[in-house]
Amino acid sequence: MNTSIHTYLTFEGNCEEAFNFYKSAFGGDFSYIGRFKDMPQQEEVCLPKDLDDKIMHVSLPIGNNSVLMGSDTGGDMAPKLVTGNNFSISVGLDTKEEADRLFGKLSEGGKVIMPLAETFWAAYFGMFTDKFGINWMINIESTTK
């Protein structure tokens, strides 16, 4: 099993400014930056228009095995941001079976924010807050594995 853990930061509208600052400190380039307006439209998800140009997801590789990731809050899809809880532990896994097992175990007694599912960014992804109040993201980069 090849498991990786990365820090995922959530911002109240200034994610781009923050990540440009982090980029200036760590160096390198963003491996991905996407905005809410780039998301495919979904009937069950209604985002305010003022989110269009805000960051849906950004990734900044740091060193060989770490990635600092982040986004602006995404309306009803995101837990209410409170400074101090604006991070998640992002766990990268290789298989759906391991993702399902870990998601099920860690989310017991907690609150599922987004069930594990295939996503438009070609990943198997889900989010939850565990029974201790810690925000988690479970992710498989490519579902072809």
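Up top is the structure.
Residue positions are given per chain, counting from 1 as you read along its sequence in written order. pLDDT decides what is reported in this predicted model: residues at 70 or higher carry local features, side-chain atom pairs at 80 or more are listed and counted, and totals for whole chains, interfaces and linings draw on all residues regardless. Water and hydrogen atoms were dropped before computing side-chain values, which therefore reflect all heavy atoms in the structure.

A.B. asks: How should the overall build of the chain be read in this particular structure?
C.D. replies: The helix and strand inventory of the chain stands at two helices and eight strands. Only protein chains enter the accessibility calculation, which uses a 1.4 Å probe; a residue is then buried when its area is under 20% of its type maximum, exposed when over 50%, and partly exposed in between. Counting over 145 residues, the chain shows a buried share of 36%. Residues are treated as being in contact if the distance between any of their heavy atoms lies within 4.5 Å. The long-range fraction of contacts in the chain, counting pairs at least 24 apart against all pairs at least 6 apart in sequence, stands at 53%. In these tables, accessible area is a Shrake-Rupley quantity obtained with a 1.4 Å probe, and a residue counts as shielded only by the protein chains included in the view. For the chain, the accessible area works out to roughly 8800 Å², and carbon and sulfur atoms hold 53% of it. By the criteria applied, helices consist of DSSP H or I runs no shorter than four residues and strands consist of E runs no shorter than two, each listed in order from the N terminus.

A.B. asks: Can you walk me through the sheet that holds strand S2 (residues 32–35) in this structure?
C.D. replies: Where strands meet in a sheet, backbone hydrogen bonds hold them as pairs that are either parallel or antiparallel. Here eight strands make up an open sheet; going across it, the order is S2-S3-S4-S1-S5-S8-S7-S6 and the pairing mixed. Either end of the sheet is taken by a strand with one partner, and the two such strands are S2 and strand S6 (111–118). Neighbour-to-neighbour, the strand axes of the sheet open up by a mean angle of 20°, direction not taken into account. Paired strands, as defined in this entry, are two strands with at least two bridges between them according to DSSP. The pairing of S6 with strand S7 (residues 124–129) spans five bridges and is antiparallel. Axis geometry follows a simple rule: fit a line to the C-alpha atoms, using only the stretch in contact for helices, then measure angles between N-to-C directions, giving values from 0 to 180 degrees.

A.B. asks: Hey, could you run me through the packing of aromatic side chains in this one?
C.D. replies: Any aromatic ring pair is given by two values, namely how distant the centres are and how the planes are angled relative to each other. The aromatic pairing rule takes the rings of Phe, Tyr and Trp, using the six-membered ring of Trp, and pairs them if the centres are within 6.5 Å, calling planes under 30 degrees apart stacked, those over 60 edge-to-face and the rest tilted. In total, this model carries five aromatic pairs according to the counting rule given. A ring pair is formed by Phe11 and Phe19, whose centres lie 6.2 Å apart and whose planes are at 85°; its orientation type is edge-to-face. For the residue pair Phe11 and Phe19, the accessibility class agrees, reading buried in each case. Exposure remark for Phe19: the relative accessible area of 1% places this residue in the buried category. In textbook terms, an aromatic cluster arises when at least three aromatic residues are bridged by ring pairs, as seen for Phe11, Phe19, Phe21 and Tyr22. Over the ring of Phe30 we find Lys23; its NZ or CZ atom is 4.7 Å from the centre of that ring. Its end group placed over the ring of Tyr124, Lys96 keeps NZ or CZ at 5.0 Å from the ring centre. The rule for a charge over a ring is simple: NZ of Lys or CZ of Arg within 6 Å of the ring centre, and within 35 degrees of the ring normal.

A.B. asks: Quick question: what am I supposed to make of the pairing of strand S1 (residues 4–11) here?
C.D. replies: The side chains of a regular strand alternate between both faces of the sheet. In this sheet, strand S5 (residues 87–92) lies alongside S1 in antiparallel orientation, the contact comprising six bridges. Bridge assignment links His6 to a residue of S5, and that residue is Ser90. As judged from the five bridges shared by S1 and strand S4 (residues 66–72), these two strands associate in the parallel manner. Bridge pairing in S4 links Tyr8 to Met69.

A.B. asks: It is not clear to me how the environment of Pro115 should be interpreted in this structure. Could you clarify?
C.D. replies: Tracing the backbone shows Pro115 in strand S6. Each residue touching Pro115, except ones within four places of it in the same chain, is listed here: Phe103, Phe125 and Gly126.

A.B. asks: Even after reading the chapter, I still don't get the side chain of His6, so can you show me in this structure?
C.D. replies: Mapped onto the elements of the fold, His6 is located in strand S1. Here a polar contact is taken to be a pair of N or O atoms separated by no more than 3.5 Å, where protein atoms must pair a possible hydrogen donor with a possible acceptor and residues adjacent in sequence count only if both atoms sit in side chains. Within the structure, the side chain of His6 is placed 3.2 Å from the side chain of Ser4, a separation counted as a polar contact. Only 3.1 Å separates the side chain of His6 from the backbone nitrogen of Val67, close enough to count as a polar contact. Apart from residues lying up to four places away in sequence, His6 is in contact with Asn65, Ser66, Val67, Met69, Ser88, Ile89 and Ser90.

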